[in-house]
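# Observations on the model geometry
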Amino acid sequence: MKKKMLACLMAAVMTMGLVAGCGGGGEEPKDADTKTETGSEDGGKKLVFWDKAEYVDEYATLMKDLVEQFAEEEGVEVDYVNVAAADMKQKLMAAIEAGNAPDLIVGDDTLVGQFASLDQLADVSDVMSEFEFTDAAMSMSMIGDSSYMIPQGFTAPGMHVRKDKWEEKGLEMPTTWEELKEQAAKVNDPANGFYALGFAMGASGGGDAEGWVRAIILDWGGQTVNEKGEVVVNSPETVEAFKFIKSLYDEGLISPDAVTGDDSWNNQAYLAGTAGLICNSGSVMAAMKNDDPELYEKTQIIPYPAGPSGEAYVLSGCNVFGVLDSGKNVDVAKDFVRYYFTNQDKYEEMIEVMGSMWQPVIEGMEDSEFWQDEANKPWLESSKLAVRTYYPAPVDDRAMTCFSNQFGVKAVQEMLINGATPEEAVESLETSFKEVYEAE
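Turning next to the overall build of the chain. Along the chain, the regular secondary structure elements total 20 helices and twelve strands. For the chain, buried positions account for 56% of its 440 residues. Summarising the internal contacts of the chain: among those between residues at least 6 apart in sequence, 75% fall at separations of at least 24. For the chain, the accessible surface area stands at approximately 18,200 Å², while carbon and sulfur atoms represent 46% of it.

Looking now at the packing of aromatic side chains. Scanning the entire structure with this criterion turns up 24 aromatic pairs. Both rings, one in F49 and one in F336, keep their centres 5.4 Å apart while their planes meet at 50°; by these two values the pair is tilted. In this pair, F49 is assigned in strand β1 (residues 45-52) and F336 in helix α14 (residues 330-342), connecting sequence segments 287 residues apart. Take F336: its relative accessible area is 0%, and that puts it in the buried class.

Pairing is mixed in the open sheet, where five strands are placed in the order β2-β1-β3-β11-β6. Strands with a single pairing partner mark the edges of an open sheet, and in this sheet they are β2 (76-83) and β6 (150-154). Geometrically, the sheet is characterised by an average inter-axis angle of 20° between neighbouring strands, direction not taken into account. With two bridges connecting them, β1 and strand β3 (residues 104-108) associate as parallel partners. Within β3, the residue paired with F49 across the bridge is L104. Helix α2 (residues 57-74) contacts β1, β2, β6 and β11 (318-323) of the sheet and is inclined by roughly 165° relative to β2. Each of β1, β2, β3, β6 and β11 is contacted by α14, which is oriented at about 145° to β11, the strand it contacts most.

Examined against the element boundaries, D109 turns out to sit in helix α4 (residues 109-117). Here D109 falls in the buried class, since its relative accessible area comes to 2%. If sequence neighbours within four positions are ignored, D109 has contacts with M140, M149, G317, C318, V320, R388, Y390 and M400.

This next bit is on the sheet that holds strand β7 (residues 158-162). Read across the sheet, three strands follow the order β8-β7-β9 without closing on themselves; strand pairing throughout is antiparallel. With one partner strand each, in any of the chains shown, β8 (277-280) and β9 (299-302) form the two edges of the open sheet. Taking the axes of each pair of neighbouring strands and ignoring which way they run, one obtains an average angle of 30° across the sheet. Where β7 lies against β9, four bridges are found, and the strand directions are antiparallel.

How each quantity is defined
- Residues numbered from 1 in each chain as written.
- Predicted model: local features only at pLDDT ≥ 70, side-chain atom pairs only at ≥ 80, totals over all residues.
- Heavy atoms only, no water.
- Helix = DSSP H or I, 4+ residues; strand = E, 2+ residues; numbered from the N terminus.
- Buried < 20%, exposed > 50% of the residue type's maximum accessible area, 1.4 Å probe, protein only.
- Contact = heavy atoms within 4.5 Å.
- Areas by Shrake-Rupley, 256 points an atom, 1.4 Å probe, with all protein chains shown as cover.
- Phe/Tyr/Trp six-rings, centres within 6.5 Å; stacked < 30°, edge-to-face > 60°.
- Pairing = 2+ DSSP bridges.
- Axes fitted to C-alpha atoms, helices over the stretch in contact; angles between N-to-C directions.

Encoded structure:
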């Protein structure tokens, strides 16, 4: 199964182009056919570290400073590279295939978890046992019965609402999805370029749209895969969830270009004042606080509304470290992660620099002035309640592959772009899941 899944991933990478340059501010890793030596040129220790590029430039500066500090104190030659998130999977697959994998990576848990399940990552239970990680962080590290990922920071989402627009209509904050839809119709003003809702639905490789589709399915009482690993997505509940999603676009509550919008589309729409409500991480709040304080003051973060099931699910991710088992310097990579969390002042600074985009994975930080601030506290609480993006499916390579391939988004696009009925779209979604879960 794992060999087949690895081959499938490689095939996908080949079709996307292995030599595409990094975007989003990332640097270009060494060519895949350039071998990474075990040690430095003078025979000392070496670490090749690929870090996911972040929206906040200060993060890379802080991480680079810590890397240089580690290099100097530990006598290690470090090759530190920022890689755009959209490019990490392709470049990492190319490097593994060429026998030139980096020693350490940072990426989101869904992407990194695929490589853990494919036997590409080292067990890091020893590192996890040395620090007081939160319970939620501990659960994020697990693949089966062992730890293969070391959480760096939660990326719990929040619902951003233009409270000024809602107040103009005399509306309270919504507590259910149906209530939200009714209110959206009152706030909506497409004639003046303002759409009440900003839910992007482009299959661009990111997790925002897929996570939103799956949250709606769960809120309507459906599931994609149950806790036994059985595909159960084709249900009346999922069909009703898809009908609701379709209605938001059909009734013009969402801009037509949202159907092809990537993960940055909703950020840009909200910041431009063309969308009144979005689901996103704290990246939007961080951008407003720095660049548009007036819009920041008009924004309210609220809990996710409940669906007909009475539940409100928060599907969250986490940035994690992964130590490549096929790298040349496993022990050095683990030593850096230990160094990272030992320098807790620097870690706290990184978390705070990311604003409300990240939440801590280490115990003992929530009493700080930063997290007691009323503007930041909702994000911390959200991170404590979040579930994995593929909940309630077991944590394995199948779940991560289905999420990263955005099967939910593609099924919704069948309705919105190709005219499929909700029933037909759900049948297509079931087929996609079964192709992964029933593969031999």
